[in-house]
Every structure is written in structure tokens, then in C-alpha cells.
Amino acid sequence: MVGFENKAVLKLLLVYLFIQFSVTCGNFFQPFNVTYDHRALIIDGKRRMLISGGIHYPRATPQMWPDLIAKSKEGGADAIESYTFWNGHEPVKGQYNFEGRFDLVKFVKLVGDSGLYFLLRIGPYVCAEWNFGGFPVWLRDIPGIEFRTDNEPFKREMQRYVTKIVDLMREEKLFSWQGGPIILLQIENEYGNMEGSYGRKGKEYVKWAANMALGLGAGVPWVMCKQTDAPGDIIDACNNYYCDGYKPNSPNKPTIWTENWDGWYTSWGGRLPHRPVEDLAFAVARFFQRGGSLMNYYMYFGGTNFGRTSGGPFYITSYDYDAPIDEYGLRSEPKWGHLKDLHAAIKLCERALVAADSPQYTKLGPQQEAHVYWENTQSTGLNTSLSESQSTCSAFLANIDEHNTATVTFRGKSYSLPPWSVSILPDCSNVAFNTAKVGAQTAMKVVEYASSPKISAPELVMTKNEVSGIAESWMSVKEPIGIWSENNFTVQGMLEHLKVTKDESDYLWHMTRIYVSDDDIAFWEENQVSPTLVIDSMRDVLRVFINGKLIGSITGHWVKVEQPVQFQQGYNDLILLSQTVGLQNYGAFLEKDGAGFRGQIKLTGFKNGDIDFSKASWIYQVGLKGEFQKIFTLEENEKAGWTELKLDSTPSTFTWYKAYFDSPDGSEPVALDLGSMGKGQAWVNGHHIGRYWNLTAPIDGCPNSCNYRGAYGSNKCMTNCGKPTQTWYHVPRSWLQASNNLLVIFEETGGNPFEISVKLRDSRILCAQVSESHYPPLDQWLHPDVIDGKVSINDIRPQIRLQCEDGHIMSSIEFASYGTPHGSCQNFSKGNCHSSNSLSVVSEACEGRNSCWVEVSNSGFGGDPCRGVLKTLAVEARCVSSSTIGVSQF
Ligand code: GAL
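The rules behind each value
Residues numbered from 1 in each chain as written. Predicted model: local features only at pLDDT ≥ 70, side-chain atom pairs only at ≥ 80, totals over all residues. Heavy atoms only, no water. Buried < 20%, exposed > 50% of the residue type's maximum accessible area, 1.4 Å probe, protein only. Helix = DSSP H or I, 4+ residues; strand = E, 2+ residues; numbered from the N terminus. Pairing = 2+ DSSP bridges. UniProt positions renumbered as here; feature names shortened; annotations may be inferred. Disulfide = S-S within 2.5 Å. Contact = heavy atoms within 4.5 Å. Axes fitted to C-alpha atoms, helices over the stretch in contact; angles between N-to-C directions. Parallel < 35°, antiparallel > 145°, perpendicular 65-115°, else oblique. Left-handed = near helix turned anticlockwise from the far one by under 90°. Nonpolar A, V, L, I, M, F, W, Y, C, P; charged D, E, K, R; others polar. Near = heavy atom within 4 Å. Polar contact = N/O pair within 3.5 Å; in protein donor to acceptor, adjacent residues only side chain to side chain. Areas by Shrake-Rupley, 256 points an atom, 1.4 Å probe, with all protein chains shown as cover.

A.B. asks: Mind showing me how you'd approach the pairing of strand β25 (residues 570–579) here?
C.D. replies: With 9 of 10 residues buried, β25 lies mostly within the body of the structure. Where strand β22 (residues 507–516) lies against β25, 10 bridges are found, and the strand directions are antiparallel. Bridging from a neighbouring strand, V516 pairs with G570 of β25. Where strand β23 (residues 532–546) meets β25, 6 bridges bridge the pair, whose relative direction is antiparallel. Within β25, the residue paired with I546 across the bridge is L574.

A.B. asks: I'm lost on the UniProt feature "domain: SUEL-type lectin" (unreviewed entry) in the protein in this one. Help?
C.D. replies: Feature annotation in UniProt assigns "domain: SUEL-type lectin" (unreviewed entry) to the following positions: residues 794–880. The annotated region residues 794–880 carries 10% helix and 36% strand content, and the separation between its end C-alpha atoms amounts to 36 Å.

A.B. asks: How do you make sense of the state of the cysteines when you look at a structure like this?
C.D. replies: Two cysteines form a disulfide when their sulfur atoms are joined by a covalent bond. One pass over the structure, following the stated rule, counts 8 disulfides. The disulfide that involves C804 links it to C879, with 2.2 Å between the sulfurs. Judged by the sign of its S-S torsion, about -85 degrees, the bond between C804 and C879 is left-handed. Of this pair, C804 sits in the loop between β37 (799–803) and β38 (808–819) while C879 sits in strand β40 (residues 872–881), and the two are 75 residues apart along the sequence. With relative accessibility at 1%, the residue C804 sits in the buried group. The class of C879 is buried, set by a relative accessible area of 0%. Distance from the sulfur of C127, which forms no disulfide, to the nearest cysteine sulfur (C225) is 9.5 Å. C428 provides the cysteine sulfur closest to C349, a residue in no disulfide bond, and the two sulfurs are 8.3 Å apart. According to the relative accessible area criterion, C349 is buried, its value standing at 0%.

A.B. asks: Would you mind showing me how to read the environment of V162 here?
C.D. replies: Its place among the elements puts V162 in helix α5 (residues 152–171). Classification of V162 as buried rests on a relative accessible area of 0%. Expressed as a C-alpha distance, the spacing of V162 and S578, which sit 416 residues apart in the sequence, is 34 Å. Excluding residues that lie within four positions of it along the chain, V162 makes contacts with I122, P124, I187, M212, L216 and W222.

A.B. asks: Help me understand the packing of helix α7 (residues 277–289) against helix α8 (residues 335–348) in this model?
C.D. replies: Between two packed helices, both the angle of their axes relative to each other and the distance between the axes serve to describe the pair. For the pair α7 and α8, the least separation of the axes is 10 Å and the interaxial angle reads 20 degrees. Between α7 and α8, the crossing angle belongs to the class labelled roughly parallel. For α7 against α8, the interelement crossing comes out right-handed. Each of V277, L280, A281, V284, A285 and F288 in α7 lies in contact with α8, whose residues at this interface are K335, H338, L339, L342 and I346. Among the residues making up the contact of α7 with α8, the classes are represented as 9 nonpolar, 1 polar and 1 charged.

A.B. asks: Looking at this structure, how should I read the site of the ligand?
C.D. replies: Taken together, 15 residues form the shell around the ligand, and within it Y83, A128, E129, E190 and Y321 come nearest. With respect to the ligand, the backbone of A128 contributes an N or O atom lying 2.8 Å from an oxygen atom. Within the side chain of E259, a nitrogen or oxygen atom sits 2.8 Å from an oxygen atom of the ligand. For the ligand, whose free accessible area comes to 310 Å², the fraction covered by protein is 95%. Across the shell around the ligand, the residue classes tally to 10 nonpolar, 2 polar and 3 charged.

A.B. asks: Would you mind showing me how to read unusual backbone geometry here?
C.D. replies: Glycine aside, residues mostly have negative phi, and peptide bonds are mostly found in the trans state. Of the consecutive residues G123 and P124, the connecting peptide bond is found in the cis state with omega at 5 degrees. Looking at the element boundaries, P124 is found in the loop between β6 (117–123) and α5. Of note in this structure, D44 is not a glycine but carries a positive phi near 50 degrees. Among the secondary structure elements, D44 is positioned in the loop between β2 (41–43) and β3 (46–48). Even without glycine at this site, N720 takes up a positive phi of about 75 degrees.

Okay, structure coming up:
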């Protein structure tokens, strides 16, 4: 008996030790190998069709990562993809940073923990609208260096960094063969676009990069994207809005789509891009239809360019990207939901997709085509572990016609295909999904004042008289104009901006002194002219001061400056403040790009002719006094000479402001509304939330309605015309404490800090509209009765499904009509046909719940309200935070 007990204890101990061992060893999976053939990646001996979601870890906080990964998984992702960011990981040569938002190991482990795979795009050049494309600025200072070409100093540094990353991943056991999630690596990024600029050396560099990568013994396949000459075993991959025609450079390589651009990035003063989900789903379905095997959304979550990480020229702080998960981590609907349905439909076809070596193609009409995949018993790639429920014949029917619905006959059955759409038939007979028929919910986001009552009507939101600033009391301190410390230096001539700043600050002061004689003054008065400052070329922002006064601002990307100036008799201080707004992240010869001024700097219009200042004596000063004193930190801010700001004080340039604010209750994401400010940077509790700039998008160029049909480009379906490009700036919850949060702002052009407010981002209103003719929910295909053939999928009715964000429930159903409702979200109305119990049926199913579903059928609504008419159920629901229910109408 005793012996038995001991055995049991021993067993338990062994199990415990095994678990501990697995956890500490980072065993997320049983170790597995990854290879490939012409059809797909082969994971643990089996071909797979893979959906991946791009999330750049430093564009979120570690506290946000688990939820982002969970939402990706719930949305149907098999993998998460990210670049690595060299300048974040090695800010100073030889000093590595893998902490906080740059904790790559933690991020990959969280992905592994959730059972997803990882695609690691090391770069180290990454583009990504990231400062300097990911290169550390110190790389420019290495003697003789030329980036991304057959250049020894560059290759040495690149190899060192790539080795560092691969070694780190191996040490942490993160590769698949170690039981980790990493199944694929990328070297370089879209070098094919640049290769021509580098001639023969470019070709050599590609070969070197490939060999170097393969030589690291990472043990998983490597890709190069947009690299038609990707050597040997390296898989060349596609980046584009559509990749269905893509063929890799060898018949032995699978078709991989590393970047499916599901939106686009934005510049200060630009409109906001929007890619409709019907078109995005079409592109994805077409890819898998025509033989694609791995697709990654760039981006699945875009996030935020915190600090000074945004690239350039002129990319904004938000990197929302119109992605399925928005900048704040909330689902962007109906994008997220419609893609989730698409992914489920593709998964239902996986067994047939992986079994067939290639699809059988049939032309169904002039612009209609079918691709059929079936299980070929001879195939060695058959994935026997996949559910038996998955069909052995699957088909995709496409209608590429942008204008007309097509009726096609396929295997003796008739199908109606909406314009620019793909129908997915997991069993080669029944349609599970059509890319143009969105059944997913729409969520209307509001950004509301944190101080307004928690349950407020959205109409309250954003009205001017509702403005309740972040704080009643603000302090300010002026930033000195020009040279502010001993730490300045004088040089004859112009130095290149980045050589001086090393990108430690956006700002570089230049000061020189000019003597103006009585004769000059008289000459200008007589001729009614004024002298002009002429600079051949500059980027990104220049501010011109004379004797401490701001007299002009110029913005542009390598533009000529012609700035009229006025001097007084005697000595005058001419101060030029050159600024960067994100370093160039795309193009050849990046190391030569630099910033600041190029060419000659002169003053024209003097009596004795032009004065050339290019070789004059200039005093240089890097950065702002407040920046270097770190007055935005909790530790140092008291050291600045802050004074109380009067309510009626006029907007002031080059001024620091500070205030304290309390964190809004609840768990909704927080934003600062900086719409009342001009241009500058902001910090909360010492965390740099990014640059802000109040530039307005052009008034025109946004269509009234967006037509998803036809090829997408980033200029199609733009929004936000005539409005400021960005007014809300994300402050991650984890950077806030309950009260007394320190907000510090550096303002360049003048604004009103009293109008700065804290807002909450919330998905308040959910809507959905599904008709009787819609398809059954995708998960019903896996219902045991359907699998056993007891119930036909045809007999299952469609459903409306609603889901509030986590921690939220539906407080009320604002509208419900089963019949022939009109209008769209927040604008629904009843039609001629309406079931009188619509509201009670939906309220009963949904009120008080985080998620709910309602069947769209006569039986659900107590009978047919109008025979012979196609009925639709339209619903609008309101979500509230479940913690506020106590103070709500309940
Ligand atoms: C691609 C590049 C990405 C990103 C994208 C635009 O060409 O590879 O890094 O810059 O364009 O968002």
C-alpha cells in the first residue's frame, strides 16, 4: 500500500517536473520540421494552408500583446508575422535592447503559448514606415559603408545583427525543430525593387545575403520577398494588393504572399486609406483559388509609432493601417468578422487544397472561372490528421467581372456570383462563403470624453460645448530659441543634419551673425525690396528666426527655400532650426540621404550682391533644452522653471506645457485629443507617445461611397477629407496610473492646452444585416450531425451574430426588424414587411450578453410575415462596459 502511494507521488512528481521542464524549455509544440515543396510549406510532414497576421511588436505594448494574439487566433490566423527592428534592438553599437516593447523573445513566446506559428522577417532592412527602414543611424558613420550592396563594412554589420537574432531565437528554443513556433524566416526586404540601382554589386549582395542566411543553421526555410532572383533554396515571395497570379522562380517552391496590403499608411496632412473588406476577401480567396499556400496580412494589427519611430518622409504617429484590429486593439468591423468567416471557409477546404498538387481549372464564362481541388490518393502530402469532416473535393468559383452578377453552371448546378467575388464550395457543391456577401457585424466606434457620463448618447460625443479639458491647471516653460548650452560647437560651413544629431533629436539649431549696414537698409527702403534667404534644398521642416523671432516656416521633402527676411541695422542673429519628421525608410542609397540642407545657403538682395553663407561660421546645437534635461520624466520635470499658465494666455510658440490628469475608469483604450495643438511631441509619465501635428487632409479625393469592385489601390476609397489627419493619440493603459498622470507637451507653433482632453475609444454600436438567402454559419459545417450526414448543410438557416468587445455587454437593442428593413447602420427603418415580435426576439437573445445569435428564419419570428418575399433581419445593438451596468438603466 505504502509502495503504491509512493509510486503515485513519484508519478505526480514526474508529471510536475515534465511540465516545469516544458515551460522552462519553451516547448510550445512537439518539435517538428518545416520544409516545403512546390505546393506548400510542409509542417511536420504535412502540407498546410496558412493564414498569418502581421503584428509589429514595438507598435504595441507587451500588455497589449496577449489580447492582440488572442484576437488574431479567434479571427482564424494560424501564424503571427513580424519584422525585427534593428535600430530598436541596437540603439548604440554593441548595446542591445530586448526589453519592454522590444522584448522579441517574450512576443514570440506568447505567440507560441497560444498555439500559433511565427514568421520572423529579420530584414535587417525592413522599410515598414519605420524610422530609417530599421537601420540604426550610427551605421552611416562606419567608414566606407554602403548599405544593401556588396560592401564589406555593411555585410559585416548585417551579418552580426542577423546572427544575433538567429542565435537568440535558438538559445530560447524558438525554432520549430526545438518545439518553438518559428516556421519561416526572411532575409532582406523587397531588395528586387532596388537591385537595379546597385548594378553587378547588387546581384552579388543578393547571393551573399542568401548564403549568409542559410549558413546560420536556423533549420527552417527562408524567404526573400519581391526577389525574383532569390537564390537556391530561398523562396521568393509576393508583396502586393493581389498575388493570385504570382509564380515563384522555381517549380519546386510554394507560392507565398508575405504582404497582403489590407490598407495603407498615412502622411501628415493626408487622407486616411480604406480597403473594403469585400475586395480584400476577394484577393485572399483568389490567392488560394489559384494555388497560393501562405498569406500574411500586412497588417493584421498596425498599432502606433510611439516615440520617434515613425518613418518618413512625414508618416503619422498612428499606424492603424485600416487593419482588421484597429490601432487601439479593438476589432475593426466588418473587416475582422468577414475575414474570420473567409478563413473558416478556406480551412474547410484545406484537406482538398493540400492533397491536390495543382487545381483543375475550368472556364465558366468570359470572366468566370472555377478551380477544383480534390484528394488524390496517390498524393504523399495528404494531411491525414485533418478532420475527417473536411471534404475531399473543394472548389472556388470566381466572377472577375467588375460590373455584373454572373450565373454559372458548375457540375450541373447553377450558381449566382456577384461582381468581383469568389464563392467557396468546401464540398464542391454547397456555397459556404462568398467574398462579396458580408454577414459579419459592423461596429461603430466612438471616441468619447472620458469625463462625460459613462452611458452617454453618441450624439453628445464631439460637440464643441462639451469640451472638458484634461486639466484645469497647466504649467508652462519657454524653450530657448537657438543656442542653449555650453555643449554647442562652431564650424565653418554646413554640416549634414544627421551627422550632427545622430538622430538623438528631431531638432538641430544653426546660428550665424550678419552685419547689416546703413547702406543696405537705405537700399532696401529706396527700392522697396527685402533680402531673401535662399537654400537650394531642405527637408522636412525649417523654422527661420531673426533676432529670436520666428519669421518663417517651410515644410517639404528636398524643396528649395526662398524666405523673405528683414534685418535691423548692425548685427543680426540668423537662426535656422532644421527638423526631421521621420527618416527616409525607402529607396536606394539610404546612407546618403541624410537630412537638413543641401547645396548653397545664401542671402540675396544686398546692395553689394548675394552673401554666401555655405562657408560661413555657424554655431550648432543639437536638440532642445527640455529634451536633454528630460523635463518630461517623473524624475526630472520639477527641475524646469514651470510657471502657472493663465486661462486667457495667447498661443505661444516653442513652449513646454505640463498638467496632471486622472486615468479614466474602465478598461477601454485611452486617447489624448490634441486637436487644439499645433505641432510637437507628447509624453505621458515619461513615455513618449509620439509626434503630433495638426495638418488637415485635402478637401477632395474621398468618394461619397466606396465601390469595392475592381482593382484596389491606396488612393481608392480614401476617407477623412478636409479633416485633420490625426487628432487622437493612443496612450496605452499600462502607461497610466489611477491618478496624477504627468502629461508633458512640447509645442512648436502654438496651441491651446486647456482644450486637450482624454478620450475613450469604444465600440458602442453594433449592427448586422443578414437575409434568409445568406449562408449558414461556417461552424455549422463542423456540426456532428452535418458531418454524419444526418442533417444537410442546406437545411441550416443563417444567423445574425453580435459580439461586443471583451468586458462589454449589450445593454439594449436599438433596432430590430425581420422583414424588409431599409437603410444602414444607425439609420435603419422598418419596411412594408415587419415581424412585430422582432425587437422582443432579438432583445431576449442578446440583452445583457457579451455575444448572441439569432436565426434568420420564419420559425424564429413566429411565422412568415410576408409570403413570397425574401426577408432580412437588421439589428442595431448598444454595447456598454459590464462594470457600468450598476449605474446604467438597469
Ligand atoms: C512594402 C514594404 C513594407 C511596407 C509596405 C507599405 O513595400 O515591404 O515594409 O513599407 O510596403 O506599408
